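Commentary on secondary and tertiary structure
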Number of protein chains: 2
Amino acid sequence: MGTWALKGHICQSRDPQQIEITENGYLIVENGLSKGVFPTLPEQYRGLPVADFGDRLIIPGMTDLHVHAPQFSFRGLGMDMELLDWLNTYAFPEEAKYRDLEYANRAYGMFAQRLKRSVTTRAVIFGTIHLPATELLMRIMDRTGLKTYVGKVNMDRNSPDYLREFDAEKSLRDTEEWIIRNQCRFDNTKPILTPRFVPSCSDALMEGLGKLREKYALPVQSHLSENLGEVRWVKELCPYAAFYGDAYDRWGLFGGAGACVMAHCVHSTDEELERMRANGVYVAHSPESNMNLASGVAPVRKYLDLGLHVGLATDLAAGSHESLLRAMMHAIQASKLRWRLLDDTLKPLTVDEVFYLATLGGGSFFGKVGCFRPGYELDAVILDDQDLPHPQRLDVRARLERCVYLADDRNVYAKFVAGERIL
Amino acid sequence: MGTWALKGHICQSRDPQQIEITENGYLIVENGLSKGVFPTLPEQYRGLPVADFGDRLIIPGMTDLHVHAPQFSFRGLGMDMELLDWLNTYAFPEEAKYRDLEYANRAYGMFAQRLKRSVTTRAVIFGTIHLPATELLMRIMDRTGLKTYVGKVNMDRNSPDYLREFDAEKSLRDTEEWIIRNQCRFDNTKPILTPRFVPSCSDALMEGLGKLREKYALPVQSHLSENLGEVRWVKELCPYAAFYGDAYDRWGLFGGAGACVMAHCVHSTDEELERMRANGVYVAHSPESNMNLASGVAPVRKYLDLGLHVGLATDLAAGSHESLLRAMMHAIQASKLRWRLLDDTLKPLTVDEVFYLATLGGGSFFGKVGCFRPGYELDAVILDDQDLPHPQRLDVRARLERCVYLADDRNVYAKFVAGERIL
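Residues numbered from 1 in each chain as written. Chains lettered and ligands numbered in written order. Predicted model: local features only at pLDDT ≥ 70, side-chain atom pairs only at ≥ 80, totals over all residues. Heavy atoms only, no water.

Overview of the overall build of chain A
Under the convention used in this document: Strands are runs of DSSP state E lasting at least 2 residues, helices are runs of H or I lasting at least 4, and numbering of each runs from the N terminus. For this measure, only C-alpha atoms enter the radius of gyration; the expected value for a globule follows 2.2 Å times N^0.38, where N is the number of residues. Think of it in three bands: residues with accessible area under 20% of the maximum for their type are buried, residues over 50% are exposed, and the middle band is partly exposed, with areas taken using a 1.4 Å probe on protein chains only. Should any heavy atoms of two residues lie within 4.5 Å, those residues are considered in contact. We get accessible surface area from the Shrake-Rupley algorithm with a probe of 1.4 Å; when it comes to residues, only the shown protein chains can shield them. Under the counting rule used here, the positive set is Lys and Arg, the negative set is Asp and Glu, and His together with the chain ends is not counted. The atoms used to mark charge sites are NZ of Lys, CZ of Arg, CG of Asp and CD of Glu.
Scanning chain A from N- to C-terminus turns up 13 helices and 17 strands. Whereas a compact globule of 423 residues would reach a radius of gyration of roughly 22 Å, chain A reaches 21 Å, a difference of no more than 12%. Taken over the C-alpha atoms alone, chain A extends approximately 60 × 50 × 40 Å along its principal axes. The buried share of chain A, taken over its 423 residues, is 68%. Counting contacts in chain A only where the partners sit at least 6 residues apart, residues at least 24 apart contribute 75% of the total. Accessible surface for chain A amounts to roughly 14000 Å². Of this, 48% is attributable to carbon and sulfur atoms. Averaging the locations of the 49 positively and 56 negatively charged side chains of chain A gives two centres separated by 3 Å.

Some thoughts on the sheet that holds strand 14 (residues 309-312) of chain B
Residue and element names in this part refer to chain B. This is how it is decided: Two strands are said to pair when DSSP picks up at least two bridges between them. Each axis is a line fitted through C-alpha atoms, and for a helix only the stretch in contact is used; angles between axes span 0 to 180 degrees, taken between their N-to-C directions.
Strand order in the open sheet formed by 4 strands is 11-12-13-14, and the pairing between neighbours is parallel. Of all strands in the sheet, those bounded by a partner on one side alone are strand 11 (220-224) and strand 14. The average angle at which neighbouring strand axes cross in this sheet is 30 degrees, direction not considered.

Re the relation of the copies chain A and chain B
Our working rule: A least-squares superposition brings the copies together, and it is based on the C-alpha atoms of residues with pLDDT no lower than 70 in both.
Note on the copies: chain A fits chain B at an RMSD of 0.0 Å, the axial shift is 0.0 Å, and the rotation between them is 180 degrees. Each copy turns onto its partner about a two-fold axis. A share of 100% of interface residues in chain A that are also interface residues in chain B marks the association as one of identical surfaces.

Regarding the packing of aromatic side chains
Heads up, the rule is: Here a Phe, Tyr or Trp ring, Trp counted by its six-membered ring, pairs with any other such ring whose centre lies within 6.5 Å, and the pair is stacked when the planes are under 30 degrees apart, edge-to-face when over 60, and tilted otherwise. Either the NZ atom of lysine or the CZ atom of arginine qualifies as a charge over a ring when it sits within 6 Å of the ring centre and within 35 degrees of the ring normal.
Evaluated as defined, the whole model comprises 30 aromatic pairs over all chains. Considering the side-chain rings of Trp4(B) and Phe416(B), the 5.4 Å spacing of their centres and the 35 degrees angle between planes classify their relative orientation as tilted. Taken as a pair, Trp4(B) in strand 1 (residues 3-15) and Phe416(B) in strand 16 (residues 412-417) lie far apart in primary sequence, 412 residues in all. One aromatic cluster in this structure is built from Trp4(A), Phe53(A), Tyr413(A) and Phe416(A). Looking at Arg56(A), its charged tip hangs above the ring of Tyr413(A), at a distance of 3.7 Å from the centre. One Lys or Arg, Arg75(B), reaches over the ring of Phe72(B) and ends 3.9 Å from the middle of that ring.

Notes on the side chain of Gln333(B)
Here is the rule we go by: Counted as a polar contact is a pair of N or O atoms within 3.5 Å, where, for protein atoms, one must be capable of donating a hydrogen and the other of accepting one, and residues adjacent in sequence contribute only when both atoms are in side chains.
Looking at the secondary structure, you find Gln333(B) in helix 11 (residues 324-341). At 3.1 Å, the side chain of Gln333(B) forms a polar contact with the side chain of Glu288(A).

Some words on helix 4 (residues 168-182) of chain B
All names here are of chain B. To be explicit about the condition: The span one expects for a helix is its residue count, reduced by one, times 1.5 Å. Working definition: the arc comes from the directions between the helix axis and the C-beta atoms, pointing outward to the latter.
Taking 1.5 Å of rise per residue, 15 residues should cover 21 Å, and helix 4 covers 21 Å from first to last C-alpha, within 8% of that figure. Within the span of helix 4, buried status applies to Ala 168, Ser 171, Leu 172, Asp 174, Thr 175, Trp 178, Ile 179 and Asn 182. Along the long axis of helix 4, the arc covered by the buried residues comes to 165 degrees, so they all point the same way. Opposite the packed face of helix 4, turned more than 90 degrees from it, sit the exposed residues Glu 169 and Ile 180. Lining the buried residues of helix 4 we find helix 3 (131-144), strand 7 (147-151), strand 8 (153-154), strand 9 (189-191) and helix 5 (203-216). Residue Asp 167 occupies the N-cap position of helix 4, its side-chain oxygen lying 3.2 Å from the main-chain nitrogen of Glu 169.

Brief notes about the interface of chain A and chain B
Going by this rule: Buried area is calculated as the accessible area (1.4 Å probe) missing from two parts once they are joined, with the contributions of both summed. Salt-bridge detection follows one rule: a side-chain nitrogen of Lys or Arg within 4 Å of a carboxyl oxygen of Asp or Glu. Each residue gets one of three labels, nonpolar for Ala, Val, Leu, Ile, Met, Phe, Trp, Tyr, Cys and Pro, charged for Asp, Glu, Lys and Arg, and polar for the others, Gly among them.
Between chain A and chain B, the residue contacts involve 54 residues of the former and 54 residues of the latter. Counting each side, the surface lost to burial between chain A and chain B is near 4700 Å², with a carbon and sulfur contribution of 57%. Three residues, Arg340(A), Leu341(A) and Pro391(A), lead the burial of chain A against chain B; their summed loss comes to 14% of the area buried on that side. Counting across the interface, chain A meets chain B through 6 salt bridges. Across the pair Glu82(A) and Arg340(B) runs a salt bridge whose closest N-O atoms are separated by 2.4 Å. At the boundary of chain A with chain B, the tally comes to 30 residue pairs in polar contact (both at pLDDT 80 or more). Only helix 2 (101-117), helix 9 (287-292), helix 11 (324-341) and helix 13 (396-406) of chain A provide two or more residues apiece to the side of chain A that touches chain B. Per-element tally for the side of chain A that touches chain B: the top contributor is helix 11 of chain A, with 11 residues. Taken together, the residues that form the side of chain A that touches chain B break down as 23 nonpolar, 13 polar and 18 charged.

Digging into the confidence of the model for chain A
Cut-off, in case you're wondering: The predictor's confidence in any single residue is recorded as pLDDT, a number from 0 to 100.
Here chain A averages 97 in pLDDT, while 100% of its residues score no lower than 70. The ipTM value of the predicted complex is 0.98, and its pTM value is 0.98.

Re the pairing of strand 5 (residues 62-68) of chain B
All names here are of chain B. Within strand 5, 7 of the 7 residues are buried, which leaves the element mostly enclosed by the surrounding structure. Both strand 5 and strand 6 (residues 120-126) contribute to a ladder of 5 bridges, which runs parallel. Residue His 68 lies in a different strand from strand 6, and its bridge partner there is Phe 126.

Here's the deal with the packing of helix 4 of chain B against helix 5 of chain B
All names here are of chain B. We count it as follows: For classification purposes, an angle smaller than 35 degrees is called roughly parallel, one larger than 145 roughly antiparallel, one from 65 to 115 roughly perpendicular, and anything else oblique. By the definition used in this description, the sense in which the near helix is turned from the far one sets the handedness, with an anticlockwise turn below a right angle giving left-handed and a clockwise turn giving right-handed.
Where helix 4 contacts helix 5, the axes come no closer than 9 Å and their chain directions differ by 20 degrees. In terms of axis orientation, helix 4 runs roughly parallel to helix 5. Relative to helix 5, helix 4 is oriented so that their crossing is right-handed. Mapping the contact onto sequence places Ala 168, Ser 171, Leu 172, Thr 175, Glu 176, Ile 179 and Ile 180 in helix 4 and Ala 204, Leu 205, Gly 208, Leu 209, Leu 212, Lys 215 and Tyr 216 in helix 5.

Considerations on the pattern of salt bridges
Side chains that differ in charge, positive against negative, can pair when their charged atoms come close. According to the stated counting rule, one finds 70 salt bridges over all chains in the structure shown. With a closest N to O distance of 2.7 Å, Glu94(A) and Lys97(A) form a salt bridge. For Glu94(A), a relative accessible area of 6% gives the class buried. For the salt bridge of Asp409(B) with Arg117(B), the shortest nitrogen-to-oxygen distance reads 2.5 Å. Here the residue Asp409(B) occupies a position in the loop between helix 13 (396-406) and strand 16, and Arg117(B) occupies one in helix 2 (residues 101-117), the gap between them amounting to 292 residues. A relative accessible area of 17% places Asp409(B) in the buried class.

Digging into the nonpolar core
Condition: Nonpolar cores are built from buried Ala, Val, Leu, Ile, Met, Phe, Trp, Tyr and Cys residues. Side-chain atoms within 4.5 Å join them into one set.
Core analysis: the biggest nonpolar cluster contains 242 residues, and Phe111(A), Tyr248(A), Phe111(B) and Tyr248(B) have the highest contact counts within it. If we ignore the near neighbours within four places in the chain, the residues touching Phe111(A) are Val67(A), Ala69(A), Phe72(A), Ile125(A), Leu137(A), Met141(A) and Leu316(A). With 14 residues, the next largest nonpolar core counts Ile10(B), Leu378(B), Ile382(B) and Ala414(B) among its residues.

Quick look at helix 2 of chain B
Its 17 residues give helix 2 of chain B an end-to-end C-alpha distance of 24 Å, which sits within 8% of 24 Å, the value for a rise of 1.5 Å per residue. At its buried positions, helix 2 of chain B is contacted by strand 5, helix 1 (83-96), strand 6, helix 3 and strand 16 of chain B.

Details of the pairing of strand 3 (residues 33-38) of chain A
Residue and element names in this part refer to chain A. Pairing of strand 2 (residues 18-30) with strand 3 involves 5 bridges; the strand directions are antiparallel. Along strand 3, the bridge assignment pairs Ile 28 with Gly 36. Hairpin connection between strand 2 and strand 3: a loop of 2 residues separates the two successive antiparallel strands, and Asn 31 in this loop has a positive phi of roughly 50 degrees.

Comments concerning the sheet that holds strand 15 (residues 380-383) of chain A
All names here are of chain A. A sheet is described by the order of its strands in space; here 7 strands give the open sequence 3-2-1-4-15-16-17, paired in mixed fashion. Two strands close off the open sheet at either side, each with one partner strand: strand 3 and strand 17 (420-421). Of the strands in this sheet, strand 1 (3-15), strand 2, strand 4 (50-60) and strand 15 are in contact with helix 13, which crosses strand 4 at around 60 degrees.

And the structure:
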């Protein structure tokens, strides 16, 4: 891969407070890692090959911390219900179709194609309970060049017959077989343990998954405190748990020893948040999903103040769109309504903050990912905003802000993941 | 113009409750007016020319009840403030630039181009205080073929020196000159009286505008009860007014004898709403704007239940996007958060309801506009959703719903306004 440079208007976050901008800057890349950003080309790099993107913006690739690949097919549809009814009416029947590999191939192909053309460079992905379809999804995702975690979903209770694993033992056997076969199979795609959520996983299944997590040193993804009805249900199902997240933690599936990301966290209690902080659990903030299913709005500013790891997520198909730019827009808008309608002690999120969430906030789930500081993997998106006309010259900061609201896949001019150009 | 037919999957509203769909239907047009929708071509129309749009969707053109043309240029920027600060920091300085006709020509040209390519066929538009630039805007809008009302803005107090009319008399003289010159000048564009909002118009100005309204039988557009600080300010400024809207009504600028549309109505009291109902005042619901400036969420369901006229608006540039499809999405999402966070007695808006708002709800401000029933003007948008892939066949209803969340200007295949194809 060697050493080379990107040139353009470079934007990145160091922290949630402020986007750092280097106009007409140079980003040096060595063996897929950043050597840093420089306002002019340093002496020792003279003569390097330079990919000159001119007046375009260079931003870190974005990380989608929570997205359901099989639900892509019904994005934009059926958002007239809250979570539990929505699952039974729309999500579960659709997911059941992925037992058919031909369908899975067609549908996952569409999903992968869209994600590749988006601003996303990394994603943490739910598959379905089906082993063959999930392996296929891994193969398809691997080919995109995006870096992804993909999970075979576990569900052995409170799920329809057509989408339930026979029992915990069978679910665990399948899962272990899947792990062994796929742990080192792909360059870009790795397995992640994926209990759907507490209501659909028996204690025996959770216990077994906890052991697999330890045995294979796997990360974990699941859902947490999304909807009030769901939270009440978990309380009934797990009387032993002090709070929802405790029902994961009991089985070692809530961070601590391993990486863990939990989607939503809209209604997390202070006790739950404290455990998340202590265990290093990531919050996958999914603002559009939480609007569409009327779940509420997670108090993201509070989570940032507490020092939690927070990233952004599209949560297809409870979120309608694969674009993390749109997720940034929704995160700001949701926080404004939360501030106006519910709690004026937490100020709305800023553009700088949601940019941080979409890049470094979520990127760190993948290691040194999400900015261009030395040593970070070179994930970069080149944005071309020429087709968003403006009667006057805008500065780079304004152009970036505008892209949050107005850019789409047409504006993604090029994309690099871990140093490789994939688009 | 003669008699001809459109063929395709025809979707329209009769009322807010349900979208009516006629698959592979015929829409007969005679002299620019609909003769109705038919599942098969009626005998008497055999041999008519048919514009066959195949598997595409045919929907009524949409009406944007409130949009600021001069603000288009900073869409997607500067939404980190509430209304009054936002006006002083972003909107007023930008609007002041339209004293420069060259700038106005460039900026309004961009605005008109985008609007033409959108799903909008009718719009009620704010210009600026500048007479030449507003005439230019009218000429540019007229050429698009869209049907529009355009207003020269009146502001003679509480406005910065660089964007204020010298006094009420001068403002009224300019306005009357503008009316006389432009009332019958354009085929597609008509003048509308446009006091910016109560805080920026003296009583003398309001009184004079009321007389002009009567003398020239003009419609009126303005802002109402958008922001809590604004509502308090109006109370101070107009101690004689029983409520914000009463400060317009006192001068005959609040419906009754003439057509009137008021943007926002987020914080309208029951008394204000009752006057609006009695006077037939239209509500221009601007959900994204009300999120972006943290104004709140208008209780639209209540307004529909009360029998108020309600339509949708993008409110550029407090709303970031010119697409009424996106305004529909935001209307649903805002209503869900209002329901979850503030008041669970008002159920969220449905896709059917927001489709009604965007078509017939706002369209009726222009007369018989917004559906395909016999006698209605033929405003139609042909949506091509081929580039929104789905692994299975979707029915027309699902395809339309999906377009609300996913379609953009690429999906606007053709557009008719009052029977003329403009795209």
